[in-house]
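# Descriptive structure summary
One-letter residues, chain by chain:
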Amino acid sequence: MPAKLADETYGVEEAKIAQIGEGDDAKTYASLAAAIAAVTGTEQTTIKMIAADSYTGTNPITVPAGKDVVLDLNGMTLSYVAENKNAQGKVQSDAFITVKGKLTVTDTSTDKNGTITAQQFTDWNSGSYTINVYSGEFILTEGTIENTSAAGLAWPVNVGVYGSTAKATFNG
């Protein structure tokens, strides 16, 4: 049943899965991609997962150059199933999260069981990445990054392309 929304219209409110800020200043978002898009400037911004989230499609999340995002998994799971096909109908290289700026992944939950997982059905000559550090910096302090692809070349984290200055640090 439609409800009165904050903008005084009626409709069905989307579930919120990510939050920036705490307490009265907190803003919530229906997707991690929307929360990252809301980050302005170069100041470090923490995005806390408040519910599990799943994606399908093609390269759904990018941390753009100039953004510094701390992703607190908060015990939640982010999952992705790729659907990226070339003109011949073959699944090709794909990444769940592409990092061109800076992304730090942590997990402040008690159990520290937050996970980012991707399942990509790639052909034998294509690569799939859960996180592709294209030209930025990636830091993992806590949490799990996995790629559960059954075939092809699959990496939880890929760092750099020819001539890039990509960097990854694993502390957890």
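My aim in this report is to walk through the structure given alongside it, one point at a time. Here the structure is a predicted model, which is why all the values come from computation and not from measurement.

### A look at the overall build of the chain
Counting its regular elements, the chain contains one helix and 17 strands. Taking the contacts inside the chain whose residues are at least 6 apart along the sequence as the reference set, 71% of them involve residues at least 24 apart. For the chain, the exposed area adds up to about 9,100 Å²; of that, 49% sits on carbon and sulfur atoms.

### Points about the sheet that holds strand S8 (residues 68-72)
On the basis of which strands lie adjacent, the open sheet formed by seven strands has the order S4-S3-S5-S8-S11-S14-S17 and mixed pairing. Across the chains shown, the open sheet's two edge strands, defined by having one partner strand only, are strand S4 (27-29) and strand S17 (167-170). Neighbouring strand axes in the sheet, compared pairwise and without regard to direction, differ in orientation by 20° on average.

### Examining the nonpolar core
The tendency in soluble globular proteins is for nonpolar side chains to be buried as a group. Residues Leu-32, Ile-47, Leu-71 and Ile-116 are the most contacted members of the largest nonpolar core, which totals 32 residues. If we skip the residues at most four places from it in the chain, Ile-47 touches Ala-18, Gln-19, Ile-20, Leu-32, Ala-35, Ile-36, Val-39, Val-69, Val-70, Leu-71 and Asp-72.

### Let's talk about the pairing of strand S5 (residues 45-49)
Of the two faces of S5, the one holding Thr-45, Ile-47 and Met-49 is buried and the one holding Thr-46 and Lys-48 is not buried anywhere. Pairing between strand S3 (residues 18-20) and S5: three bridges, direction antiparallel. Bridge pairing in S5 places Ala-18 opposite Met-49. Across four bridges, S5 lies against S8 in parallel orientation. Each residue of the ladder has a partner; that of Thr-45, found in S8, is Val-69.

### Details of the side chain of Ser-31
Inspection of the secondary structure assignment puts Ser-31 in the loop between S4 and helix H1 (32-38). Classification of Ser-31 by relative accessible area gives buried; the value is 18%. Once residues within four sequence positions are removed from consideration, Ser-31 is found in contact with Ile-17, Ala-18, Asp-53 and Tyr-55.

### Structural notes on the packing of aromatic side chains
If you walk through the whole model with that rule in mind, you get two aromatic pairs. Ring centres of Tyr-80 and Phe-96 lie 5.0 Å apart, and the angle between their planes is 15°; on these two criteria the pair is classed as stacked. With Tyr-80 in strand S9 (residues 77-82) and Phe-96 in strand S10 (residues 94-99), this residue pair connects regions lying 16 residues apart in the sequence. A ring pair is formed by Phe-138 and Phe-170, whose centres lie 6.0 Å apart and whose planes are at 65°; its orientation type is edge-to-face. In this pair, Phe-138 sits in strand S14 (residues 137-140) while Phe-170 sits in strand S17, placing the two residues 32 residues apart along the sequence. Sitting above the plane of the Tyr-134 ring, Lys-100 keeps its charged end 5.3 Å from the centroid.

### A closer look at the environment of Thr-130
Mapped onto the secondary structure, Thr-130 falls in strand S13 (residues 127-133). In this structure the C-alpha to C-alpha distance between Thr-130 and Pro-156, which are 26 residues apart in sequence, comes to 4.8 Å.

### A closer look at the pattern of salt bridges
For the structure on display, the rule yields two salt bridges. For the salt bridge of Lys-112 with Glu-142, the shortest nitrogen-to-oxygen distance reads 3.7 Å. With Lys-112 in the loop between strand S11 (102-106) and strand S12 (115-119) and Glu-142 in the loop between S14 and strand S15 (144-147), this residue pair connects regions lying 30 residues apart in the sequence. Classification of Lys-112 by relative accessible area gives partly exposed; the value is 37%. The salt bridge partner of Glu-137 is Lys-167, with a shortest N-O separation of 4.0 Å. Here Glu-137 is found in strand S14, whereas its partner Lys-167 is found in strand S17, with 30 residues between them in sequence. By relative accessible area, Lys-167 is classed as partly exposed at 46%.

Reading the values: rules and limits
Residues numbered from 1 in each chain as written. Predicted model: local features only at pLDDT ≥ 70, side-chain atom pairs only at ≥ 80, totals over all residues. Heavy atoms only, no water. Helix = DSSP H or I, 4+ residues; strand = E, 2+ residues; numbered from the N terminus. Contact = heavy atoms within 4.5 Å. Areas by Shrake-Rupley, 256 points an atom, 1.4 Å probe, with all protein chains shown as cover. Pairing = 2+ DSSP bridges. Axes fitted to C-alpha atoms, helices over the stretch in contact; angles between N-to-C directions. Core = buried A, V, L, I, M, F, W, Y, C linked by side-chain atoms within 4.5 Å. Buried < 20%, exposed > 50% of the residue type's maximum accessible area, 1.4 Å probe, protein only. Phe/Tyr/Trp six-rings, centres within 6.5 Å; stacked < 30°, edge-to-face > 60°. Lys NZ or Arg CZ within 6 Å of the ring centre and 35° of its normal. Salt bridge = Lys/Arg side-chain N within 4 Å of Asp/Glu carboxyl O.

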